[in-house]
Amino acid sequence: MSLVMVIEDEEAISMLLSYNLEKEGFEVAVVANGMNAVSEIERLMPSVIILDWMLPEISGVEICKLIRSKPDIKNIPVIMLTAKSQEEDKIKGLGAGADDYVTKPFSVPELMARVKTNMRRAPLFEEKEKIITFEDISMDLVERKVKRGENYLHLSPTEFRLLKMLLKEPGKVFSREVLLKSVWGENIFVESRTVDVHIRRLRKSLNQYGPDYIRTVRANGYAIDKNALAEEDDIDEA
Ligand code: CA
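Computed from a prediction, not measured in an experiment: that's the story for all the values here.

Conventions used here
- Residues numbered from 1 in each chain as written.
- Predicted model: local features only at pLDDT ≥ 70, side-chain atom pairs only at ≥ 80, totals over all residues.
- Heavy atoms only, no water.
- Phe/Tyr/Trp six-rings, centres within 6.5 Å; stacked < 30°, edge-to-face > 60°.
- Helix = DSSP H or I, 4+ residues; strand = E, 2+ residues; numbered from the N terminus.
- Buried < 20%, exposed > 50% of the residue type's maximum accessible area, 1.4 Å probe, protein only.
- Lys NZ or Arg CZ within 6 Å of the ring centre and 35° of its normal.
- Salt bridge = Lys/Arg side-chain N within 4 Å of Asp/Glu carboxyl O.
- Pairing = 2+ DSSP bridges.
- Axes fitted to C-alpha atoms, helices over the stretch in contact; angles between N-to-C directions.
- Contact = heavy atoms within 4.5 Å.
- pLDDT = per-residue confidence, 0-100.
- Donors = N, O, S within 2.8 Å, 3.2 Å for Na, K, Ca; no water.
- Polar contact = N/O pair within 3.5 Å; in protein donor to acceptor, adjacent residues only side chain to side chain.
- Core = buried A, V, L, I, M, F, W, Y, C linked by side-chain atoms within 4.5 Å.

On to the packing of aromatic side chains. Scanning the model with the defined rule gives 1 aromatic pair in all. Both rings, one in Phe134 and one in Tyr213, keep their centres 5.5 Å apart while their planes meet at 90°; by these two values the pair is edge-to-face. Placement of Phe134 in strand E6 (residues 131–134) and of Tyr213 in the loop between helix H8 (193–206) and strand E11 (214–217) is noted, with a sequence separation of 79 residues between them. The same class applies to Phe134 as to Tyr213, namely buried. Between Lys145 and the ring centre of Tyr152, over which it is positioned, the NZ or CZ distance is 5.9 Å.

With that settled, consider the pattern of salt bridges. The tally for this structure, following the rule as stated, stands at 17 salt bridges. For Lys70, the salt bridge is made with Glu42, and the minimal N-O distance between the two is 4.0 Å. Remark: Glu42 occurs in helix H2 (residues 37–44) and Lys70 occurs in the loop between helix H3 (60–69) and strand E4 (78–82); sequence separation between them is 28 residues. When its relative accessible area of 29% is taken as the criterion, Lys70 is described as partly exposed. Here Asp52 makes a salt bridge to Lys104, at a shortest N to O gap of 3.1 Å. With Asp52 in strand E3 (residues 48–52) and Lys104 in the loop between strand E5 (100–103) and helix H5 (108–121), this pair connects stretches of sequence that are 52 residues apart. By relative accessible area, Asp52 is classed as buried at 1%. Overlapping salt bridges, with partners in common, bring together Glu8, Glu10, Asp52 and Lys104 in one network.

This part covers the sheet that holds strand E9 (residues 151–153). Strand order across the open sheet formed by 4 strands is E6-E7-E8-E9, with antiparallel pairing between neighbours. Looking at which strands have only one partner, the edges of the open sheet turn out to be E6 and E9. Strand-to-strand twist of the sheet, defined as the mean angle between neighbouring strand axes without regard to direction, takes the value 25°. One ladder, built from 4 bridges, connects E6 with strand E7 (residues 137–140); its direction is antiparallel. Along E7, the bridge assignment pairs Ile131 with Asp140. Sheet contacts for helix H6 (residues 157–168): E6, E7 and strand E8 (145–148); angle to E7, the most-contacted strand, approximately 115°.

Before going further, it helps to examine the confidence of the model for the protein chain. Of the residues in the protein chain, 85% have a pLDDT of 70 or more, and the chain-wide mean is 84. Predicted confidence for residues 232–238 stays below pLDDT 50, and this span has 20 contacts to residues more than four positions away or in other chains.

Across a sheet, paired strands are connected by hydrogen bonds in the backbone, their directions being either parallel or antiparallel. Here 3 strands make up an open sheet; going across it, the order is E10-E12-E11 and the pairing antiparallel. Looking at strand neighbours, the two that pair on one side only are strand E10 (174–175) and E11, the edges of this open sheet. As defined by bridge partners, E10 adjoins strand E12 (residues 221–224) across 2 bridges and the pair is classed as antiparallel. By the bridge assignment, Phe174 is partnered in E12 with Tyr222. Packing of H6 onto the sheet brings it into contact with E10, E11 and E12, and relative to E12 it is tilted by some 65°.

A word on the coordination of the calcium ion. The coordination sphere of the calcium ion, as far as protein atoms go, consists of Glu8 (OE), Asp9 (OD), Glu10 (OE), Asp52 (OD) and Met54 (O), spread over 2.0 to 2.7 Å. Among the residues examined, Glu10 registers a relative accessible area of 36% and is labelled partly exposed.

Further remarks concern the side chain of Ser175. Turning to its location among the elements, Ser175 is positioned in strand E10. The buried category is assigned to Ser175, whose relative accessible area is 18%. A distance of 3.1 Å separates a polar side-chain atom of Ser175 from the backbone nitrogen of Val178. Ser175 has contacts with Asn220 and Gly221, leaving out every residue within four places of it along the chain.

Our next topic: the nonpolar core. Core analysis: the biggest nonpolar cluster contains 27 residues, and Ile137, Met139, Val146, Leu163, Leu167, Ile214 and Ile224 have the highest contact counts within it. Counting only elements with at least two residues in this core, the list comes to E6, E7, H6, helix H7 (176–184), H8 and E12. Per-element accounting of this core gives the leading share, 5 residues, to H6. In this structure, Leu163 is in contact with Ile137, Met139, Val146, Leu155, Leu202, Leu206 and Ile224, ignoring residues within four places of it in sequence. Residues Ile7, Val31, Val38 and Leu55 belong to the second largest nonpolar core, which totals 22 residues.

Structure, rendered in structure tokens:
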């Protein structure tokens, strides 16, 4: 079960959030004292953090900066919660490293939707390993960088997630349906040929600096494989 951490000193708000998050099926941890926030995050490793801007002793912005400075927790999505609605404050919050921003008074359904979106977007924090490699391809899961040989590749977030799936189990054939579910998420409607389009882009990036290791398994799916046969996609160019 995914854990959402609520860092908020006002009990009425943290109770409201806990109630609704639990109703959505999340586990909830409330931290009322900002001074404990970072150590609690390190201990519990939540999937998403809802962080109030206005806390006694230390501000939400400062906590956010601390989170982003610590390698183990820096990739956890942070939704900043605040009464401040000025554009300037929003920019300051995002500048401190918040992923998202919700202004009080907030709508509960909207905040729940943001929690789910951020949870889907991010979850590299569970990674045990920092770098995965295959032949001359290396992927840094924490820094979110991909190299082939000495060359850095510029991949979109979708291509990054696709490559990660393939790299984690070299040789295994992933069907388009499995890739769609894991990369795009369960509840998102995308045509399966979208996978082909992104694989094509991924191939183009990777193959600038070496042979093609992505194997197309006709009518089935894709794998990363040293002995990839130069099969053609069985789907016409988009
Ligand atoms: Ca507060």
